[in-house]
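What follows is the residue order along each chain.
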Amino acid sequence: MKADARTIPGGWVALAAPHRLGGSTHLDILRSWTLAAGIVGLCGTVIFGASAAKVLLVAMLSAIATDCIVGYARARPVVGGLSHASLTGLLLGLTLPATVPWYIPAIGSLIAVVFGKIVFGGLGHFCWQPALVGRVVLQLLFLPTLSLSLHPTWPILAPGHLLVGRLDQPQRVEMAGYGGWFAQPHDANVQALAMERPVQTLRAFAQGRFRPDGGLAYEPLLREKLPPWQDSIFGLVPGGIGETCTLALIIAGLYLIYRGFLRWQMPVVMIAAAAVAAALLPVESGGNEGGYDWFPVFAVEQGRAVGVAYVLYHLTSGELMLGAFLIAGDMTTTPMRARGQALFAAGVGVLTIFMRLYGVVECECYWSILAMNTLVGVIDGRLRRRVFGMDEEP
Amino acid sequence: MSLLLNLLGPREGFEGGLFLPDFKQATSRRPIENVVARDPLRVPLQVSRTMPTKPEVAVGDSVLRGQRIAALVGTASVSVHAPTSGRVVEIDRVWTAREGFLPCAVIEPDGRDTAAPCNRTWSEESMVLQLAEHGVIVPAPLMPAHELIRQATQAGVTDLIVSAMETEPYLTSDLRTLVEQHGRFLDMTGELADALGVHHVYFALPYRHRRVVKRVCAEAAGRHIEISPLSDRYPQCQPNLLVKTILDREVPPGGTPLDVEAVVVPLTTIRMAADAVFSDRPVTHAIVTVAGDAVEHAGTYRVPIGTSVRQLADRVGLLAPVRQAVWGGPLTGIALTRDETVISADTAAILLFSQVHATNPVPCIRCGWCVEDCPVGLDPAALVQLEPASSADEQTKAHLKTCLDCGLCSYVCPATLPLAATIHRARERFCTTSSHSSGGA
């Protein structure tokens, strides 16, 4: 018989089953993750101006350059190469404030790639999230620049100067009379405002540095020490480039969950655990006569549920949102199963709030993610699936 | 019944699994088409190398459709019949996908397709004999139907599950057979249940095809057959998981449904048996889904056994050059390397693809998708790490034997690691006693 010329040329490919694949490769995962981090980075650039873009760019370029140089030196291609390097650099940049000099993100990315990834053997082998390794080493190396306690006020662009303003000469604003970012007058001469980070205020509150004011503790904190809630949702408070904009972080996280690259258990359980911890753990300033006040969530002052507002401020300030939606969900450094990840996330959430309330280290969310990364092997070993048809395994 | 079904939804029996994009739109609404044999057919003279037969034709003989051309030898074998009328021009050997080279008779069709006279002397005692005589087989694992009945009777099964689940993408042969001739299968299921002496009979079919479920439910009214509409989460079609979902019994590692007093019979076997027992028609055609992105007229075809894949491709037309051809489902099938492979009785699908889903393995990135989706709770990423080892402990062996070869781990792996293939190799190396997964589709 005569076959049509275009029917079946020789050389059919013989591979083992399955012959069709799902189609999501590790590069898709890394690129989607980079896109999600890019959304947050864009919002950070709007809020903190060109210097934020510079920090992100330097961090990414340094990570990519380091990866290329190492790949060249070892004469073998780096797995996941540019995608993973740029993601690591971007995440590192998101954790840094926009005011740092250029060499800090450069050195941080170098450390992240070399000591976070390469020494463990590349993609898939490291046990601590590389960007966070870079971040905490930076925190130790450049303590005078990055420490919150040495720099009590951090800058943010003033209204009318978003994206184009400069952070150089901020005007100090006192929280007591601060009506919120949106209520600030548009002043051509004031390009930036400097204020305290909400997370630092909360930390000081928990450590009893605010004395109760006529029996009121939470009410003065909320009214006079913290910015209005809209500001912390839109990210118009000082902090790291990607840490402040809660809305952008939620959108980025939802995108990753939609793509199936982030399990919803990770952010949901982490935030829920942090909420529970903040709701229950005692704070020193709340109680009368310097005692500890347990269960701050139930505090009611002047007929207002101030305890709930206090807990919500804990969730939206600091690094918690960035950690929950973008950093902690890294596949390599988290448990395999969804319930393992839930356990991991619960640990991170509780540890974060615990360290914030009683600890002295800053970047508490990053430290707790690294701490839980260390326990991933234990969690995975404890949460194996039962094999079909076999008795329960020990 | 149907209101209740709509409210409750399908049963969910096993942990893991995945809803795959099923690509059935192209074929599920097209009726089964007959493929007429015009070119010489290379009919294998035995179904498998382990099922010996004695050829009954010689070069130059004329044969009629349904005429026996090879008689079974021994008990665990089946006879083979001519798929069309014509003349035997050669006795040769032919390549089949699963069994390799088999002896074959080359039959040149005369175009009249005259049927052999049929002999409707049916009695209940001889049903098992009839099945053997008419060439009724169970496709996976390949064995004669009467052999499965014998094993099931020996094992003393209490439950019979007839499986019309096709959860693999592209496959629609069971669905189309069900749509076109459902009542017959329920009759045959009842006969088979009587022969086996089982207590409960279940008919598993995909819940998603609601109208088929309704029609089968209506047909089954008054019979002692429970219709089990199941979710089409892959791999629900695996016999072990059907037993788990319907009966909530777990087959031990390396065992078969017979170990838990159940037997799973695929719809293909029921179809062949119904033809054989009720109409005295032997197995001469296979119902084959021909699909894939290279196929122009994708559909379900009734193909004479002995048609080569090349002839079939000419019949259905091609849109693009074929890069990959698969015998069977896309997740568990066998890659074809030669286009003279013939359609055998156990063929369910021929998939012709113009693209190869190439793999480019990188180290595991610990995404955990394989662990989450494995239907039997294995950790494929950990199992493949023992590949270079020379031996495995008992627990690992049990894990390897539990694997159903469904291929989901490789399907989802973002690092495109060949997990399923590696586990399959490891099982063949470490677990030499190959008693794996016999006893149903």
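Here the structure is a predicted model, which is why all the values come from computation and not from measurement. (Residues numbered from 1 in each chain as written. Chains lettered and ligands numbered in written order. Predicted model: local features only at pLDDT ≥ 70, side-chain atom pairs only at ≥ 80, totals over all residues. Heavy atoms only, no water.)

1. Looking at the overall build of chain B
Broken down by element type, chain B carries 15 helices and 19 strands. Radius of gyration (C-alpha) of chain B: 21 Å, near the 22 Å computed for a compact globule of 441 residues. Oriented by its inertia axes, the alpha-carbon framework of chain B measures out at about 60 × 50 × 40 Å. Residues counted as buried form 60% of the 441 residues belonging to chain B. Put simply, of all contacts in chain B between residues at least 6 apart along the chain, 73% involve residues at least 24 apart. Counting every atom, chain B has about 17200 Å² of accessible surface; 51% of that belongs to carbon and sulfur. (Helix = DSSP H or I, 4+ residues; strand = E, 2+ residues; numbered from the N terminus. Rg over C-alpha atoms; globule rule 2.2 N^0.38 Å. Buried < 20%, exposed > 50% of the residue type's maximum accessible area, 1.4 Å probe, protein only. Contact = heavy atoms within 4.5 Å. Areas by Shrake-Rupley, 256 points an atom, 1.4 Å probe, with all protein chains shown as cover.)

2. Focus: the overall build of chain A
Scanning chain A from N- to C-terminus turns up 16 helices and three strands. Taking 2.2 N^0.38 as the reference for a compact globule, 394 residues should give roughly 21 Å; the C-alpha atoms of chain A span a radius of gyration of 24 Å, in line with that estimate. Counting only C-alpha atoms, chain A reaches 100 × 60 × 40 Å along its principal axes. Counting only residues that meet the buried cut, chain A has 57% of its 394 residues in that class. When contacts within chain A are restricted to residue pairs at least 6 apart in sequence, long-range pairs at least 24 apart make up 75% of them. Accessible area for chain A stands at about 16300 Å²; split by element, carbon and sulfur atoms hold 65% of it. The positive charge centre, built from 27 side chains, and the negative charge centre, built from 24, are 12 Å apart in chain A. (Lys, Arg positive; Asp, Glu negative; His and termini not counted. Charge placed at Lys NZ, Arg CZ, Asp CG, Glu CD.)

3. As for the packing of aromatic side chains
Residue and element names in this part refer to chain A. The full count for this structure, using the stated rule, is 15 aromatic pairs over all chains. On the numbers, 5.8 Å between centres and 55° between planes, the contact of Phe205 with Tyr310 is tilted. A residue pair is termed long-range when its members are at least 10 positions apart, and Phe205 in helix α7 (residues 198–206) and Tyr310 in helix α12 (residues 306–316) qualify at 105 residues. When sorted by exposure, Phe205 lands in the same class as Tyr310, which is buried. (Phe/Tyr/Trp six-rings, centres within 6.5 Å; stacked < 30°, edge-to-face > 60°.)

4. Details of the state of the cysteines
A complete count under the given rule lists zero disulfides over all chains for this structure. Note on Cys127 of chain A: no disulfide assigned, nearest cysteine sulfur contributed by Cys364 of chain B at a separation of 15 Å. On the accessibility criterion, Cys127 of chain A (32% relative accessible area) is partly exposed. (Disulfide = S-S within 2.5 Å.)

5. What to know about α7 of chain A
All names here are of chain A. The buried count for α7 comes to nine of nine residues, which makes it a mostly enclosed element. All of the buried residues in α7 are Pro198, Val199, Gln200, Thr201, Leu202, Arg203, Ala204, Phe205 and Ala206. On its buried face, α7 sits against β3 (192–196), α8 (218–225), α12, α14 (338–358) and α15 (364–374). Downstream of α7 by one or two residues, Gly208 has phi in the positive range, about 80°.

6. Structural notes on the sheet that holds strand β7 (residues 86–96) of chain B
Whenever strands of a sheet pair, they do so through backbone hydrogen bonds, lying parallel or antiparallel. Residues and elements named next belong to chain B. With respect to topology, four strands assemble into an open sheet ordered β2-β8-β7-β4, the strand pairing being antiparallel. Looking along the sheet, the strands with just one partner apiece sit at the ends: β2 (41–44) and β4 (62–63). Note that β2 and strand β8 (residues 100–109) share four bridges and pair antiparallel. Residue pairing for β8: Arg42 is matched across the bridge by Val106. (Pairing = 2+ DSSP bridges.)

7. Some words on the domain arrangement of chain B
Residue and element names in this part refer to chain B. The assigned domain composition of chain B is domain 1 (2–27 + 124–279), domain 2 (41–109), domain 3 (284–353) and domain 4 (369–430). Spacing between the C-alpha centres of domain 2 and domain 3 amounts to 21 Å. Taking both sides of the interface into account, the surface hidden between domain 2 and domain 3 amounts to around 1200 Å²; carbon and sulfur atoms contribute 70%. When the buried area of domain 2 at its contact with domain 3 is split by residue, Trp95, Ala97 and Arg98 rank highest and sum to 44% of it. Applying the counting criterion to the domain 2 and domain 3 interface returns one salt bridge. The salt bridge partner of Asp346 is Arg98, with a shortest N-O separation of 3.4 Å. The tally of links between domain 2 and domain 3 comes to three residue pairs in polar contact (both at pLDDT 80 or more). Elements represented by at least two residues in the side of domain 2 that touches domain 3 include exactly β2 and β7. A per-element tally of the side of domain 2 that touches domain 3 places β2 first, with four residues. Taken together, the residues that form the side of domain 2 that touches domain 3 break down as nine nonpolar, three polar and two charged. (Domains from an automatic or database assignment. Buried area = accessible area lost by both parts, 1.4 Å probe. Salt bridge = Lys/Arg side-chain N within 4 Å of Asp/Glu carboxyl O. Polar contact = N/O pair within 3.5 Å; in protein donor to acceptor, adjacent residues only side chain to side chain. Nonpolar A, V, L, I, M, F, W, Y, C, P; charged D, E, K, R; others polar.)

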